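Remarks on the overall topology
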Amino acid sequence: MSEWTDIIDGLADHLALLKELGTRSVEVEPAVIRALAARSGAAAAPLPAAVPAPPARPAVAAPPAAAPPVARPGATRVLTLDQRRQELAAIAARAEACETCVLRRQRNRCVPGQGNPLSPDVMFIGEAPGADEDRAGEAFVGAAGHLLTKMITAMGYTRDDIFIANICKCRPPGNRTPAPEEMQACLPFLREQIRIVQPKVIVLLGGTAIRGLLDTQVGVTRMQGQWTRYDGIPVMPTYHPAYILRFESLGDAAGLKRAKTEVWHALKLVLAQLGRSVPKPSNKA
Ligand code: URA
């Protein structure tokens, strides 16, 4: 098979999966359409430079069907729900045993992240566990987690619908910002999680998550509310829930309102990207 045929096959698998998962439209760059049109009937020649590479992340399967989907050699990998669970558990075990950086020495529990592994609408990514998470072994269960849960609920989801993870899997002492080398040591775990979970959208919570995953020095204030991509996945950067809580504890009502409005605007963009309408606000929110 030529490189071109492999790519077409991988793409066809990926589109079939998206359809199975309920996606009804996909974005295609005009350059790709032009390249496809120009290439029809000329399958053997090398790819034109203008055509972006196919998604590096694997195509994935819908919930287990009668027979597991077959991955063709050379085509992208297909994972069942059970395989995803197993692979995530293996990552969690490796993160648990990891001694690459100093964070291992002082943390209690490793916090790999948790949630729906089957191509959830959203994967939220924060910075690193805090004291509550370090005790519980679960991401975003403290005060910031409580606010994140409210955000998730306001979007019309439960925590079980989506996936939550962090850049670092171990708590930095005193909740300090993780050092660049600690983030670099831990990022392979998150990258693997993303490849396995295949979220439809990633929401990055705060500057550390943005710097870590996107490898950029552009700050959260500039990035917040602006779409970008990671490995082909739409990424929406926004403020960390702790940033909002800070305004609350300072009694800064105007700052609180502004931060909440900006974050909610970003989350509404996420819902629009997913083709979902904004749920009616509940009285309890
Ligand atoms: N802050 C984070 O960034 N992650 C958590 O899990 C908790 C608080």
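Let us look at the structure shown here. (Residues numbered from 1 in each chain as written. Predicted model: local features only at pLDDT ≥ 70, side-chain atom pairs only at ≥ 80, totals over all residues. Heavy atoms only, no water.)

For the rest of this paragraph, the subject is the overall build of the protein. A tally of helices and strands in the protein yields 11 helices and six strands. Out of the 285 residues belonging to the protein, those deemed buried represent 44%. Taking the intrachain contacts of the protein between residues at least 6 apart in sequence as the baseline, contacts between residues at least 24 apart amount to 70%. Of the roughly 14800 Å² that the protein leaves accessible, carbon and sulfur atoms contribute 55%. (Helix = DSSP H or I, 4+ residues; strand = E, 2+ residues; numbered from the N terminus. Buried < 20%, exposed > 50% of the residue type's maximum accessible area, 1.4 Å probe, protein only. Contact = heavy atoms within 4.5 Å. Areas by Shrake-Rupley, 256 points an atom, 1.4 Å probe, with all protein chains shown as cover.)

The next subject is the packing of helix H10 (residues 241-250) against helix H11 (residues 253-273). Put simply, H10 and H11 touch, their axes get as near as 8 Å, and they point 160° apart. Judged by the angle between their axes, H10 and H11 are roughly antiparallel. Like other packed secondary-structure pairs, H10 and H11 cross with a definite hand, here left-handed. Between H10 and H11, the residues in contact are Tyr243, Ile244, Phe247 and Glu248 and Gly255, Leu256, Arg258, Ala259, Lys260 and Val263, respectively. Across the contact of H10 with H11, the residue classes break down as six nonpolar, one polar and three charged. (Axes fitted to C-alpha atoms, helices over the stretch in contact; angles between N-to-C directions. Parallel < 35°, antiparallel > 145°, perpendicular 65-115°, else oblique. Left-handed = near helix turned anticlockwise from the far one by under 90°. Nonpolar A, V, L, I, M, F, W, Y, C, P; charged D, E, K, R; others polar.)

Relative to the assigned elements, Val102 resides in the loop between helix H3 (81-97) and helix H4 (103-106). Overall, the relative accessible area of 39% leaves Val102 in the partly exposed class. Between the C-alpha atoms of Val102 and Glu181, which are 79 residues apart in sequence, the distance is 9.7 Å. Residues within four places of Val102 in sequence aside, it is in contact with Arg176 and Glu182.

Inspection of the region around the ligand gives Gly126, Glu127, Ala128, Glu133, Ala139, Phe140, Asn166 and His240 as its neighbouring residues. Phe140 is positioned such that a nitrogen or oxygen atom in its backbone is 2.9 Å from an oxygen atom of the ligand. Between the ligand and the protein, one listed contact pairs a nitrogen atom with a side-chain N or O atom of Asn166 at 2.8 Å. Compared with its free state, where it exposes 230 Å², the ligand has 91% of that area covered by protein. Grouping the constituent residues of the shell around the ligand by class yields three nonpolar, three polar and two charged. (Near = heavy atom within 4 Å. Polar contact = N/O pair within 3.5 Å; in protein donor to acceptor, adjacent residues only side chain to side chain.)

For any pair of aromatic rings, the description rests on two quantities: the centre-to-centre distance and the angle between the ring planes. Under the definition given, this model contains two aromatic pairs. Seen in terms of ring centroids, Tyr239 and Tyr243 are 4.4 Å apart; in terms of plane orientation they differ by 25°. Their pairing is stacked. According to the relative accessible area criterion, Tyr239 is buried, its value standing at 4%. Classification of Tyr243 by relative accessible area gives partly exposed; the value is 27%. (Phe/Tyr/Trp six-rings, centres within 6.5 Å; stacked < 30°, edge-to-face > 60°.)

So, about the sheet that holds strand S3 (residues 163-166). Spatially, S1-S3-S2-S4-S6-S5 is the arrangement adopted by the six strands of the open sheet, whose pairing is mixed. The strands lining the two open edges of the sheet, one partner per strand, are strand S1 (114-115) and strand S5 (228-230). By the bridge criterion, four bridges tie strand S4 (residues 201-205) to strand S6 (residues 233-238) in an arrangement that is parallel. Its bridge partner being in S6, Val203 is matched across the sheet by Met236. (Pairing = 2+ DSSP bridges.)

This part takes up the pairing of S3. Remember that side chains alternate between the two faces of the sheet whenever the strand is regular. Side-chain alternation along S3 places Phe163 and Ala165 on one buried face and Ile164 and Asn166 on a second face that is also buried. As defined by bridge partners, S1 adjoins S3 across two bridges and the pair is classed as antiparallel. Within S3, the residue paired with Gly115 across the bridge is Phe163. Across four bridges, strand S2 (residues 122-126) lies against S3 in parallel orientation. Across the sheet, residue Phe124 finds its bridge partner in S3, namely Ile164.

Within the structure shown, the criterion is met by six salt bridges. Where Glu192 meets Arg94, a salt bridge forms, and the shortest distance between an N and an O atom there is 3.2 Å. With Glu192 in helix H7 (residues 180-197) and Arg94 in helix H3, the pair connects residues that are 98 residues apart, well separated along the chain. The partner of Asp132 in a salt bridge is Arg135, and the shortest N-O contact between them spans 2.9 Å. Placement of both Asp132 and Arg135 in helix H5 (residues 131-136) is noted, with a separation of three residues, approximately one turn of the helix. One salt-bridge network, in which partners are shared between bridges, spans Asp121, Lys200 and Arg276. (Salt bridge = Lys/Arg side-chain N within 4 Å of Asp/Glu carboxyl O.)

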